[in-house]
Amino acid sequence: MSNVRRILLVAVIAFAAAIAGVLVARVFLPPPSHTGAELHALLHDDLDLDANQKDQLARIERDFALRRQSVELELRADNAKLAAAIEAEHGYGPRVTAAIDASHMAMGQLQKDTLEHVFAMRSILKPAQTARFDAAVVKALTPDAR
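Everything quoted here is computed from the prediction, not taken from an experiment.

### Here's the deal with helix H4 (residues 94-123)
Okay, so step 1: Counted at 1.5 Å a residue, the expected span for H4 with its 30 residues is 44 Å, and the 43 Å between its end C-alpha atoms agrees.
Okay, so step 2: Inspection of H4 places Val96, Ala99, Ile100, Ser103, Ala106, Met107, Leu110, Asp113, His117, Val118 and Met121 among the buried residues, and these make up the whole buried set.

Structural data, given as structure tokens:
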């Protein structure tokens, strides 16, 4: 096989791996929405948090940002493994399957961590604040139903 054909083959495989990564992300990751920003605005602007609550919220957000960054790096590594598996197998083989399963585990962990974060934020609220927070969370999870 000539060098040009090899380069072309590698380019096609890399392109297919990139497309597969995008498709996996689009199918299994929730689309970005503004509801996270709405929750953030509700917490910081509308619930009249006291100084202690603001301090606790800052700690909760800092901890979650670190955890989210760690899982997102894991997801990127999983995507690289998926690309390598696609390049090696040229089909839906055992390495591709294992790479997809690994990325699903990381996505599931991110969802669990996000929910733990939401409940941690809720735990610092006073009873009068929780009803508005709960309504915003439900709206964020069911945007088409409202």
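### A look at the pattern of salt bridges
Okay, so step 1: What the rule picks out here adds up to five salt bridges.
Okay, so step 2: Across the pair Asp50 and Lys126 runs a salt bridge whose closest N-O atoms are separated by 3.1 Å. Highlighted residues: Asp50 in the loop between helix H2 (35-46) and helix H3 (51-89) and Lys126 in the loop between H4 and helix H5 (127-141), separated in sequence by 76 residues.
Okay, so step 3: Note that Arg67 is salt-bridged to Asp113, the shortest N-O span being 2.8 Å. One end of the pair, Arg67, is in helix H3; the other, Asp113, is in helix H4, and 46 residues separate them in sequence.

### Overview of the nonpolar core
Okay, so step 1: Core analysis: the largest hydrophobic core is formed by 14 residues, its most contacted members being Leu75, Leu82, Ile86 and Val96.
Okay, so step 2: Listing elements by their share of this core, those giving two or more residues are helix H1 (3-28), H3 and H4.
Okay, so step 3: Sort the elements by how many residues they give to this core and H4 lands first, with six residues.
Okay, so step 4: Counting 13 residues, the second largest nonpolar core, distinct from the first, contains Leu39, Leu43, Val118 and Phe133.

### A few points about the environment of Ile100
Okay, so step 1: Structurally, the position occupied by Ile100 is in helix H4.
Okay, so step 2: We classify Ile100 as buried; its relative accessible area is 13%.
Okay, so step 3: Separated by 15 residues in sequence, Ile100 and Ala85 have C-alpha atoms that sit 9.8 Å apart.
Okay, so step 4: Sequence-distant contacts of Ile100, that is, excluding residues within four places in its chain, are made with Leu82 and Tyr92.

### A look at H3
Okay, so step 1: For H3, which comprises 39 residues, the first-to-last C-alpha distance of 56 Å matches the rise-based estimate of 57 Å (1.5 Å per residue) to within 8%.
Okay, so step 2: Along H3, the residues that are buried comprise Gln53, Leu57, Ile60, Phe64, Val71, Leu75, Asp78, Leu82, Ala85 and Ile86.
Okay, so step 3: One side-chain oxygen at the N-terminal end of H3 lies 3.1 Å from the backbone nitrogen of Asn52; it belongs to Asp50.
Okay, so step 4: Of the residues trailing H3, His90 is marked for its positive phi of about 55°.

### Description of a nonpolar patch on the surface
Okay, so step 1: A cluster of nonpolar residues, Phe15, Ile19 and Leu23, forms a patch on the protein surface that exposes about 310 Å² of accessible area.
Okay, so step 2: Positionally, Ile19 belongs in helix H1.

### Some remarks on the confidence of the model for the protein
Okay, so step 1: The predicted model of the protein averages 81 in pLDDT, with 88% of residues at 70 or higher.
Okay, so step 2: The least confident element of the protein, judged by mean pLDDT, is H2 at 71; the most confident is H3 at 89.

### A few points about the side chain of Asp78
Okay, so step 1: Its location among the elements puts Asp78 in helix H3.
Okay, so step 2: For the buried residue Asp78, which engages in no salt bridge, the nearest side chain bearing the opposite charge is Lys81, 4.3 Å off.

Here is what the cut-offs are and how they apply
- Residues numbered from 1 in each chain as written.
- Predicted model: local features only at pLDDT ≥ 70, side-chain atom pairs only at ≥ 80, totals over all residues.
- Heavy atoms only, no water.
- Helix = DSSP H or I, 4+ residues; strand = E, 2+ residues; numbered from the N terminus.
- Expected span 1.5 Å × (residues − 1).
- Buried < 20%, exposed > 50% of the residue type's maximum accessible area, 1.4 Å probe, protein only.
- Salt bridge = Lys/Arg side-chain N within 4 Å of Asp/Glu carboxyl O.
- Core = buried A, V, L, I, M, F, W, Y, C linked by side-chain atoms within 4.5 Å.
- Contact = heavy atoms within 4.5 Å.
- Polar contact = N/O pair within 3.5 Å; in protein donor to acceptor, adjacent residues only side chain to side chain.
- Patch = residues over 30% accessible without salt bridge, like charges linked within 9 Å, V, L, I, M, F, W, Y side chains within 5 Å.
- Areas by Shrake-Rupley, 256 points an atom, 1.4 Å probe, with all protein chains shown as cover.
- pLDDT = per-residue confidence, 0-100.
- Lys, Arg positive; Asp, Glu negative; His and termini not counted.

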